[in-house]
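Below, each chain spelled out in residue letters.
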Amino acid sequence: MRRPQLDIQLKTPDQIEKMRAAGLVVARALRRMREAVAPGVSTADLDAIAESTIREAGAIPSFKGYHGFPASICSSVNQQVVHAIPASAQVLQEGDLISIDCGAVLNGWHGDAAITVGVGEVDPALLKMAAVAEDAMWAGIAAAARGAASGKGRLTDISHAVENAVRKGGRYGIVDGYGGHGIGTEMHQDPHVLNHGRPGKGPRLVPGLALAIEPMITMGSPRTVELGDGWTVVTRDGSMAAHVEHSMALLDDGVWVLTAEDGGRARLGDLVTSRQSADSPAH
């Protein structure tokens, strides 16, 4: 079932169950990479962990080969915002901040999520920025759940909630030109989800809508530049950046955070669908 104009793919509950399976593969890969992050570990080492975890589950790394991208994760360190290519020469050092973006496709359905992790002892100001980005992501997901429950929610309610949470958190740049997206049988679908904006605009938030919510913020200017490799996006002013993401779906009785191992229960409580209660992620 597709909505006109933006070509938004609405999923059935059974299809969302399949997306949950893909989401759990991504969650497991990210957990293993988070545990492996340490000084002396290369971003290529992390990429190998992701690929092996994804393939062990019978899934395929959705990033690898996507428009020619050569790896299973994006591993963006310090001033790198998104889409950095893992490399054996990029070795993590004490005090670094790394954003790891990972995707998997299982039985034709996609999961996509990202975390930002400190390497060893990290400046508390950087850890706070990462926490603000995460809080903003959850604020956006909560706004989606409440908007769908009320029957009055619109897409930019998510954008507005993300922006508000970032502004309350401190003086950070909200990266423009990049944001969340629809997800399902393709990794990137309509609609694009901005991380800023006025509420009450855009498509309605309805059951069956699946979105990836992904704030990207910086310690300085929101302006970015793409490097010569055609992928890596860095802050123009060299400031540090954080990027987090979860894939979520709206159901008749709540939201399901498909790439969170607990389905979002710890952060969202009763906003989470009852389908999550029967969920049993493998560890």
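Along each chain, residues carry numbers from 1 onward, in the same order as the chain's sequence is written. It should be noted that, the model being predicted, local features are given only for residues of pLDDT at least 70 and side-chain atom pairs only at 80 or more, the latter also being counted only at that level, while totals for whole chains, interfaces and linings use all residues. Hydrogen atoms and water are omitted, and side-chain values are computed over all heavy atoms in the structure.

By the naming in an unreviewed UniProt entry, the protein goes by Methionine aminopeptidase and is assigned to Micromonospora coerulea. Regarding the protein, the UniProt comment filed under Subunit (unreviewed entry) reads as follows: "Monomer." UniProt positions are given in the numbering used here, feature names are shortened, and annotations may be inferred rather than shown by experiment.

A. Representation of the overall build of the protein. Helix and strand counts for the protein stand at five helices and 17 strands. C-alpha atoms define the radius of gyration, and 2.2 Å times the number of residues to the power 0.38 defines the globule rule. Computed over the C-alpha atoms, the radius of gyration of the protein is 17 Å, within 12% of the 19 Å expected from 2.2 N^0.38 for a compact globule of 283 residues. For the protein, the spread of C-alpha atoms along the three principal axes comes to 50 × 40 × 35 Å. Burial classes: relative accessible area under 20% of the type maximum marks a residue as buried, over 50% as exposed, and values in between as partly exposed (1.4 Å probe, protein chains only). Counting every position in the protein, which comprises 283 residues, the buried fraction comes to 56%. Residue contacts are defined here by distance: any two heavy atoms, one from each residue, within 4.5 Å place the two residues in contact. Contacts spanning at least 24 positions in sequence make up 69% of the contacts within the protein whose residues lie at least 6 apart. Positive charges are assigned to Lys and Arg, negative charges to Asp and Glu, while His and the chain termini are left out of the count. Note that the charge is assigned to NZ on lysines, CZ on arginines, CG on aspartates and CD on glutamates. Of the side-chain charges in the protein, 26 are positive and 32 negative, and the distance between the mean point of each set is 8 Å. Secondary structure elements are defined from DSSP: runs of H or I of at least 4 residues count as helices, runs of E of at least 2 residues count as strands, and each element is numbered from the N terminus.

B. Layout of the state of the cysteines. By convention in this document, the label disulfide applies to cysteine sulfur atom pairs within 2.5 Å. Following the criterion strictly, the structure yields zero disulfides and no others. Cysteine 102 provides the cysteine sulfur closest to cysteine 74, a residue in no disulfide bond, and the two sulfurs are 9.4 Å apart. Given a relative accessible area of 0%, cysteine 102 falls into the buried group.

C. Layout of unusual backbone geometry. Here the bond from aspartate 190 into proline 191 is cis, since omega is 0°, no more than 30 degrees from zero. Along the chain, proline 191 falls in strand β10 (residues 189-193). Unusually for a residue other than glycine, asparagine 78 sits at a positive phi of about 60°. Tracing the backbone shows asparagine 78 in the loop between β4 (73-77) and β5 (80-82). Given the relative accessible area of 14%, asparagine 78 is considered buried. Positive phi is not limited to glycine here, since asparagine 107 has a value of about 50°. Of note, asparagine 107 is situated in the loop between β6 (97-106) and β7 (109-118). Since its relative accessible area comes to 70%, asparagine 107 is described here as exposed.

D. Broad picture of the sheet that holds strand β8 (residues 173-174). Within the open sheet, the three strands sit side by side as β8-β12-β15. Their pairing is antiparallel. Where the open sheet ends on each side, the last strands, each with one partner, are β8 and β15 (241-243). The pairing criterion for strands is at least two bridges between them, as found by DSSP. Across two bridges, β8 lies against strand β12 (residues 216-218) in antiparallel orientation. Counted as the bridge partner of isoleucine 174 is isoleucine 217 from β12.

E. Examining the pairing of β10 more closely. Pairing geometry for strand β9 (residues 180-182) and β10, over three bridges, is antiparallel. In the sheet register, histidine 181 faces β10, and the bridge partner there is histidine 192. Following β9, the chain reverses through six residues before pairing antiparallel with β10.

F. Focus on the packing of helix α3 (residues 124-150) against helix α4 (residues 155-169). Between N-to-C directions, angles span 0 to 180 degrees; the directions come from axes that are lines fitted to C-alpha atoms, helices contributing only their stretch in contact. For the pair α3 and α4, the least separation of the axes is 8 Å and the interaxial angle reads 150°. Classified by the angle their axes make, α3 and α4 are roughly antiparallel. For the pair α3 and α4, the crossing hand works out as right-handed. Between α3 and α4, the residues in contact are Lys128, Val132, Asp135, Ala136, Ala139, Gly140, Ala143 and Ala144 and Asp157, Ile158, Ala161, Val162, Ala165, Val166 and Gly169, respectively. Between 65 and 115 degrees an angle is taken as roughly perpendicular, under 35 as roughly parallel, over 145 as roughly antiparallel, and anywhere else as oblique. Here a crossing is called left-handed whenever its near helix is offset anticlockwise from the far helix by less than a right angle, and right-handed whenever the offset is clockwise.

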